[in-house]
There are 2 protein chains.
Amino acid sequence: MSITTPAGFSAAATTAGIKASGKKDMALVVNNGPDYTAAGVFTRNRVVAAPVKLTRRAVADGQLRAVVYNSGNANACNGAQGDADAYHTAEQLAALLDVPVSEVAVCSTGLIGEPLPMPILLEGLAPLVDGLGSQPTDGTAAAEAIMTTDMVVKETVIHGEGWTIGGMGKGAGMMAPSLATMLVCLTTDASITPDMADAALRAATSVTFDTLDIDGSTSTNDTVVLLASGASGVMPSQEEFAQAVRAACDDLASQMQADAEGVTKRVSITVVGTSTDEQALAAARTVGRDNLFKCAMFGSDPNWGRVLAAVGMADADMDPEHISVYFNDQAVCLDSCGAPGARDVDLSGADIEVRIDLGTGGPGRATVKTTDLSHAYVEINSEYST
Amino acid sequence: MSITTPAGFSAAATTAGIKASGKKDMALVVNNGPDYTAAGVFTRNRVVAAPVKLTRRAVADGQLRAVVYNSGNANACNGAQGDADAYHTAEQLAALLDVPVSEVAVCSTGLIGEPLPMPILLEGLAPLVDGLGSQPTDGTAAAEAIMTTDMVVKETVIHGEGWTIGGMGKGAGMMAPSLATMLVCLTTDASITPDMADAALRAATSVTFDTLDIDGSTSTNDTVVLLASGASGVMPSQEEFAQAVRAACDDLASQMQADAEGVTKRVSITVVGTSTDEQALAAARTVGRDNLFKCAMFGSDPNWGRVLAAVGMADADMDPEHISVYFNDQAVCLDSCGAPGARDVDLSGADIEVRIDLGTGGPGRATVKTTDLSHAYVEINSEYST
């Protein structure tokens, strides 16, 4: 169950001392080949962290040898110093691994706007390289080291015909459309081209991480990297491969939703009956980000009026007099009016499914996964930097 | 300090029994002339309550005699029954006042999706008409009767040269760009035309209620009505009048911000250095709606990285490497990097001013008023309908 399950990968973790908690805070994933194929998908935020800029450049040619991670510091909003620090990290790791610096990626997560503690970070590189191993525990150690406010380790394995995908991810808050605040690393021993990797990764993230919207906030550091070693010698079809990448991303996204900051409810919002899938997605997002709706979910309160008030502001075609809403498959609003028994629907369980029909008869359809807005969310996020 | 301060107006309140709390829940404002000039501004939500539809039609000709209010029930999402109930309310009141039904407006606020309890509501009309008076206490009673989760009565008086504007408002949550979830009634004894009233009201609301954004949620019932009796006999210039209407709206908007659900901080966000005022407004709203930023404000946490992460997603021109942020006039981020002492800025006071320079040198500028995201907000909004 880890990034070291596919053949051709080794991983390691260490405690460099970046996190005040004394927990593991650096990880390394190395592709031992024979292929070094790679693809990446990044945040759409215009304020991007230094490691995102570096990794974007590194992966542009479809090749990566290694990815080094640190948690506890995002290295975002640190100007030229941040760029230099990310580069020096890659440079020193490349020397230790004897690989080109242009094939090393760097990912950081944590507080924005604090300079990286470079001496302790650089000192962490040698123990990482020395500690590299291909056991499941090595992959899991890396998955632990990238956690920030995550409560649980997030890993996945998807099996193909003679090849495998492994994955690890972190992300528990600041989750929004341009990926969650997340770092994800997928490894595979399938033999694929950079174009196959890129196409599969973009298709998968658009329907998994991109539709996970915990709080409408979008990180400066979001990075999903896919590394392919070709060590299985098997070349799957694009369709097989894309399906497996999607399954891996879907599994990690579900784990992130379940572990979202302060979550007490996992809420899935499906919108139908509008003109296009894009409009349905916009409407589902609008509801999923509405704080009044999210508070009602926290209170297990079937206050469907808030769904109508929220969706009425969405940029989607709708018939305002013929909107219907279902909570856990029970009609609570039909033709924009309350349905019998609507106030008695039981929302006490941890999973709530909301379905909204915008009433135009159009084919548009989309689902967004979100959570409730709880006391714990406020607690966690009011004391993060202090 | 009330809507009965300007000459030519009377008001009343009663307890019909719509609110379970047994508090006042109906109010009436009557314009006794000699003019019956009126203007209205309404929610931009596409899901609109029945009373909004009725009042939009009633005010379209620039004339209103009376506005009847109820709290405790929004009469939204009640279909044809809701429309009929709003009309019957206006019809019966018109008969009691002996005025045309087309000159009666209806405003409702409260829970969405519950049919109006018509028998008790209609029984409340006669006591309202019988209770009409022009004392300050009559206006204040009306202002009390329109409250929902409001903690304090919201009234204002602005004096012109020989004429006056009075106002009352309610609104404490579900506040967003298309006005807050608010009902506002402004009265004036100035002698003005419907066009003057309309122009002044639109100009005033666009820079006051429209820039008050508590939680990004927009009500189905937002209505601001301006009634002008002409009883002073004084006709101010458009500029004088518009300025006074703006001052009245600004005062009520500030009272709403201060009384917002669960507020512990009043946060003002000003964006400069982008191409247009519209872009600056979009950027200020994006930050003002960001839950991570709002939680940091609740925690008095000068976590400026969240400002950059939020504003980086805004639909506004910016130079991502040259954004600056100031908390209470102290630089916390310069050229997208942390400023010295940024983590030590004291945000423990109840008022926090945030200024963001997007670094393009453009002339765009806008301010949005919002609040923090507190435990109390979650508490209030998780148990509203149950």
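Note that the structure is predicted; figures quoted are calculated from it, not measured.

Counting its secondary structure elements, chain A contains eleven helices and 15 strands. Taking 21 Å as the expected radius of gyration for a compact globule of 386 residues, we find that chain A reaches 22 Å, a close match to that expectation. Oriented by its inertia axes, the alpha-carbon framework of chain A measures out at about 70 × 50 × 35 Å. A burial count over chain A gives 62% of its 386 residues as buried. Contacts in chain A between residues at least 24 apart in sequence constitute 80% of all its contacts with a sequence separation of at least 6. With an accessible surface of roughly 12,600 Å², chain A has 50% of that area assigned to carbon and sulfur atoms. A distance of 3 Å separates the average location of the 23 positive side-chain charges in chain A from that of its 47 negative side-chain charges.

Glancing now at the sheet that holds strand β4 (residues 66-71) of chain A. Residues and elements named next belong to chain A. An order of β1-β2-β4-β5 is seen for the four strands of this open sheet, with the pairing classed as mixed. If you trace the sheet from one side to the other, it starts and ends with β1 (9-14) and β5 (104-109), each paired once. Going across the sheet, the axis of each strand differs from the next one's by a mean of 15 degrees, ignoring polarity. Pairing of β1 with strand β2 (residues 26-31) involves six bridges; the strand directions are antiparallel. Looking at the pairing, F9 lines up with N31 of β2. Of the strands in this sheet, β2, β4 and β5 are in contact with helix α2 (residues 79-97), which crosses β5 at around 130 degrees.

Right, let's talk about the relation of the copies chain A and chain B for a bit. Here chain A sits on chain B after a turn of 180 degrees about the axis and a move of 0.0 Å along it, with an RMSD of 0.1 Å. Between the two chains, the operation in question is that of a two-fold axis. Taking the C-alpha atom as reference, chain A places H375 of chain A closest to the rotation axis, 2.8 Å from it. Interface overlap between copies is the fraction of interface residues in one copy that are interface residues in the other; for chain A against chain B it reaches 100%, indicating a shared surface.

Below, the discussion takes up the side chain of E103 of chain A. Residues and elements named next belong to chain A. With respect to the element layout, E103 can be found in the loop between α2 and β5. Given the relative accessible area of 13%, E103 is considered buried. Ignoring anything within four residues of it in the chain, the contact list for E103 reads Q63, L64, R65 and A66.

In this section: the UniProt feature "binding site: substrate" (unreviewed entry) in chain A. Under the present numbering, the feature "binding site: substrate" (unreviewed entry) in UniProt falls on T148, K170, T181, E261, N381 and T386 of chain A. We classify T148 of chain A as partly exposed; its relative accessible area is 25%.

This part takes up the sheet that holds strand β1 (residues 9-14) of chain B. Strand pairing in a sheet is mediated by backbone hydrogen bonds. Such pairs are either parallel or antiparallel. Residues and elements named next belong to chain B. Strands sit in the order β1-β2-β4-β5 across an open sheet of four strands; the sheet is mixed. The open sheet has two edge strands with one neighbour each: β1 and β5 (104-109). Neighbour to neighbour, the strand axes of the sheet diverge by 15 degrees on average, direction disregarded. By the bridge criterion, five bridges tie strand β2 (residues 26-31) to strand β4 (residues 66-71) in an arrangement that is antiparallel. For V30, the partnering residue across the bridge sits in β4 and is A66. Packed on one face of the sheet, helix α2 (residues 79-97) meets β2, β4 and β5 and runs near 130 degrees to β5.

A few words now on the pattern of salt bridges. Under the defined criterion, the tally for this structure stands at 18 salt bridges over all chains. A salt bridge links R44 of chain A to D210 of chain A; the nearest nitrogen and oxygen atoms lie 2.9 Å apart. Linking R44 of chain A in the loop between β3 (37-42) and α1 (50-59) with D210 of chain A in the loop between α6 (194-207) and β9 (223-228), this pair joins segments that are 166 residues apart in sequence. Residue classification places R44 of chain A among the exposed residues on the basis of a relative accessible area of 51%. Assessed through its relative accessible area of 8%, D210 of chain A is described here as buried. Salt-bridge contacts for K53 of chain A lead to E321 of chain B; the nearest nitrogen and oxygen are separated by 3.0 Å. In this pair, K53 of chain A sits in helix α1 while E321 of chain B sits in the loop between α10 (305-311) and β11 (324-327), so the two residues belong to two different chains. What makes E321 of chain B partly exposed here is its relative accessible area of 35%. Taken together, the salt bridges that share partners define one network made up of K53 and D83 of chain A together with E321 of chain B.

At the junction of the two partners, chain A supplies 59 residues and chain B supplies 59 residues. In total, about 4,600 Å² of surface goes out of reach between chain A and chain B, with carbon and sulfur atoms giving 55% of it. On the surface where chain A and chain B come into contact, there are four salt bridges. Listing elements by their share of the side of chain A that touches chain B, those giving two or more residues are α9 (291-298), α10 (305-311), β13 (337-338) and α11 (375-382) of chain A. Grouping the amino acids of the side of chain A that touches chain B by side-chain chemistry returns 24 nonpolar, 21 polar and 14 charged.

Along the chain, G33 of chain A connects to P34 of chain A via a cis peptide bond; the corresponding omega equals 15 degrees. Position of P34 of chain A among the secondary structure elements: in the loop between β2 and β3. At D335 of chain B, a residue that is not glycine, the phi angle is positive and equals roughly 50 degrees. In this fold, D335 of chain B is placed in the loop between β12 (330-334) and β13 (337-338). Take D335 of chain B: its relative accessible area is 42%, and that puts it in the partly exposed class.

Residue and element names in this part refer to chain B. Along the polypeptide, L93 turns up in helix α2. The buried category is assigned to L93, whose relative accessible area is 0%. In contact with L93, other than residues within four places in its own chain, are L28, A66, V68, V104, L125 and V129.

Moving on: the packing of helix α6 (residues 194-207) of chain B against helix α7 (residues 238-258) of chain B. Residue and element names in this part refer to chain B. Look at α6 against α7: their axes get within 8 Å of each other, and the N-to-C directions meet at 40 degrees. By the angle between their directions, the pair α6 and α7 is classed as oblique. You can see that α6 and α7 cross each other, and the crossing is right-handed. Contacts between α6 and α7 involve M196, A197, A199, A200, L201, A204 and V207 from the former and Q238, F241, A242, V245, R246 and C249 from the latter. A breakdown of the residues in the contact of α6 with α7 according to their chemical character gives eleven nonpolar, one polar and one charged.

This part covers the confidence of the model for chain A. This prediction gives chain A a mean pLDDT of 91; 94% of its residues lie at or above 70. Across the interface, the model reports ipTM at 0.76; the global pTM reads 0.79.

Below, the discussion takes up the environment of T137 of chain B. Residues and elements named next belong to chain B. For T137, the position within the fold is in helix α5 (residues 136-145). T137 gets classed as exposed once you look at its relative accessible area, which sits at 57%. Separated by 51 residues in sequence, T137 and A86 place their C-alpha atoms 27 Å apart.

Reading the values: the criteria
- Starting afresh in each chain, residues are numbered from 1 along the sequence in its written order.
- Written order decides the labels, with chains lettered from A and ligands numbered from 1.
- Under the rules for a predicted model, residues below a pLDDT of 70 receive no local features and side-chain atom pairs below 80 are neither given nor counted, while totals for whole chains, interfaces and linings still include all residues.
- Computation of side-chain values covers all heavy atoms of the structure but excludes hydrogens and water.
- Only DSSP runs of H or I reaching four residues or more are called helices, and only runs of E reaching two or more are called strands; each is numbered from the N terminus.
- Only C-alpha atoms enter the radius of gyration, while the globule expectation follows 2.2 Å times N to the 0.38, with N the number of residues.
- Think of it in three bands: with a 1.4 Å probe and only protein chains considered, a residue is buried below 20% of the maximum accessible area for its type, exposed above 50%, and partly exposed in between.
- Contacts: residue pairs with any heavy atoms within 4.5 Å of one another.
- Surface accessibility follows the Shrake-Rupley procedure with a 1.4 Å probe radius. Residue values consider only the protein chains on display as shielding.
- Here Asp and Glu are counted as negative and Lys and Arg as positive; His is not counted, and neither are the chain ends.
- All charge positions are set by atom: Lys at NZ, Arg at CZ, Asp at CG, Glu at CD.
- In this description, strands pair whenever DSSP reports at least two bridges between them.
- Convention adopted: a line fitted to C-alpha atoms gives each axis, helices being fitted over their contacting stretch, and angles between N-to-C directions are expressed from 0 to 180 degrees.
- When the copies are overlaid, the least-squares fit takes in C-alpha atoms only where the residue has pLDDT of at least 70 in both copies.
- UniProt positions are given in the numbering used here, feature names are shortened, and annotations may be inferred rather than shown by experiment.
- In what follows, salt bridge is the name for a side-chain nitrogen of Lys or Arg lying within 4 Å of a carboxyl oxygen of Asp or Glu.
- Two parts placed together each lose some accessible area under a 1.4 Å probe, and adding up what both lose gives the buried area.
- Ten residue types, Ala, Val, Leu, Ile, Met, Phe, Trp, Tyr, Cys and Pro, are classed as nonpolar, four, Asp, Glu, Lys and Arg, as charged, and the remainder, Gly among them, as polar.
- Any angle between 65 and 115 degrees counts as roughly perpendicular, while under 35 counts as roughly parallel, over 145 as roughly antiparallel, and the rest as oblique.
- Handedness of a helix crossing follows the sense of rotation of the near helix relative to the far helix, less than a right angle counterclockwise being left-handed and clockwise being right-handed.
- pLDDT gives the predictor's per-residue confidence on a scale running from 0 to 100.

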